[in-house]
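What the coordinates show
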Amino acid sequence: MNTNIPIVQGYANDQQYTSAATEEYGEDSFNGQKGNPQPKKFNDVFFAILFYIHLTAMAIALPMAINAQDQNGGGNSGTFGSIIYFVSVCSIFSVGLSTVSLGFMIKFSRQLVQIALYFYIGFSFLLMVIMFMAASMLMGGLFALSFAFSICYARAVQSRIPFAAANLTAALTAVKANVGLTMVAYVFMFVGFGYSIA
Amino acid sequence: MTTISNAVLNTYPGMAFFLFLSFYWTHQVLKNTMHVTTAGVVGTWWFAPDEASSLCSRSIGDSFVRATTYSFGSICFGSLIVALIQALRQLNRHLRENRDAQLIVCLIDCVLGCIEGLIEYFNKWAYVYVGLYGYSYLDAGRNVIQLFQNKGWTTLITDDLAGMVLFMISIMIGLFTGLIGFIVASLDANIFADFNFDASPEGVGFGFGFLIGVVLASIMLGVVESAVSTCIVCFAESPAEFEQNHPSLSLEMREAWRSSWPTECGNM
């Protein structure tokens, strides 16, 4: 069995392709050990079972606790219509803008990495000023250190920007090609939000 | 959950710890399941783009199913470690209200915070291997150590720079959404009337809008962040497949690699 077959969760690509890329980096210089194909099996089953047991316990305990809390009074009966309208408008705008920003980031990834470095410096500087103005000397000093570090960091990584930008472009292209992934992420967010409220 | 935890904390600290643990564990599991799903989809896009190039491509469903079945135990394992530390920190924070031994409590919080950050960072990479290859958690961990032994600084810097861009963009989206919130609140002055806020409705509208914008943008950009980590691992392991399947992106990356590390390229 060829142990160097790249595999993506069950999809084995057995076409061993030697290219300019391989020759350029060299298998040994850039690559570590390639991931090996794993047989389809349930890993770390004990922890999955433990998680389900804990969920079951919570499903029994939480309603009891909530009922006990309701008996103690409380309960907010305000009109939420206007708030729902507000949240909907903001959410639709934010999701739309986030989707548009994917294309924008692909087009200007290199410039954005550069700007982000300046943004980080500016952000540290702003926090430092705010902390000193609020007479919090310890926090102000820490943000002054962070400010100095961000300047040194920005200078040190200048030559790495093209690679980081190219990597970001590749990642954004992958996400843009599978935008459905973000829908799954929003579903997860709602589940998490619901659990937090409970 | 947190309200109940606060009420229980004073009378039953042990039970409060388990409530915190449950809260953090579930959130970590949700977050990491999404991360593993993204790694699977981006990996499929890397190796077999035909399977992962549409709005609702088959790879999304397949990766999700694998993350919630075969790899779910590994997700729960790593998530539990982080959740344990988070729950301990939460308990420790409540101890801060007690005036005794403030310095020790502060030191413990600091040490736990560092451990939490390290394990979360480790998990981020481990789950890329789980999503890509279906490793168990410990085997994925071994691969992460190997990755950092081979390309530690490259990985750190590339990941960090991309993270900075995503943070900046989410703040920008937050500001624009805040502006929309400001406009909506100024059109209807009674929108927050039921909530008795001290600030002006426009200010509250901007604040809430900003929060909604940052949270929703962070979710989408969180997916991009997972994709960035996956691309770093895939590029370290399989540049040839990338060139075969995505020639223009591969060329761009190779040129960038050459300009970022001219000495290493020159020595080859």
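Owing to the predicted nature of the structure, the values given are computational and were not obtained by experimental measurement. (Residues numbered from 1 in each chain as written. Chains lettered and ligands numbered in written order. Predicted model: local features only at pLDDT ≥ 70, side-chain atom pairs only at ≥ 80, totals over all residues. Heavy atoms only, no water.)

**Comments concerning the packing of helix 5 (residues 102-133) of chain B against helix 7 (residues 201-237) of chain B**
All names here are of chain B. For the pair helix 5 and helix 7, interaxial distance at closest approach is 10 Å and the crossing angle is 70°. What the angle tells us is that helix 5 and helix 7 run roughly perpendicular. As helix 5 runs across helix 7, the sense of the crossing is right-handed. Facing Lys-124, Trp-125, Val-128, Tyr-129, Leu-132 and Tyr-133 of helix 5, the residues of helix 7 in contact are Glu-225, Ser-229, Thr-230, Ile-232, Val-233, Cys-234 and Glu-237. For the contact of helix 5 with helix 7, the residue count by class is eight nonpolar, two polar and three charged. (Axes fitted to C-alpha atoms, helices over the stretch in contact; angles between N-to-C directions. Helix = DSSP H or I, 4+ residues; strand = E, 2+ residues; numbered from the N terminus. Parallel < 35°, antiparallel > 145°, perpendicular 65-115°, else oblique. Left-handed = near helix turned anticlockwise from the far one by under 90°. Contact = heavy atoms within 4.5 Å. Nonpolar A, V, L, I, M, F, W, Y, C, P; charged D, E, K, R; others polar.)

**Observations concerning the pattern of salt bridges**
Residues and elements named next belong to chain B. This structure, assessed with the given rule, holds eight salt bridges over all chains. Glu-51 is the partner of Arg-58 in a salt bridge, and the nearest nitrogen-oxygen pair spans 3.3 Å. Here Asp-109 makes a salt bridge to Arg-89, at a shortest N to O gap of 3.2 Å. A residue pair is termed long-range when its members are at least 10 positions apart, and Asp-109 in helix 5 and Arg-89 in helix 4 (residues 72-95) qualify at 20 residues. No difference in accessibility class separates Asp-109 from Arg-89, as the two residues are buried. Within the structure, one salt-bridge network assembled from shared partners comprises Glu-51, Arg-58 and Asp-62. (Salt bridge = Lys/Arg side-chain N within 4 Å of Asp/Glu carboxyl O. Buried < 20%, exposed > 50% of the residue type's maximum accessible area, 1.4 Å probe, protein only.)

No statement about biological role is implied by the geometric values presented.
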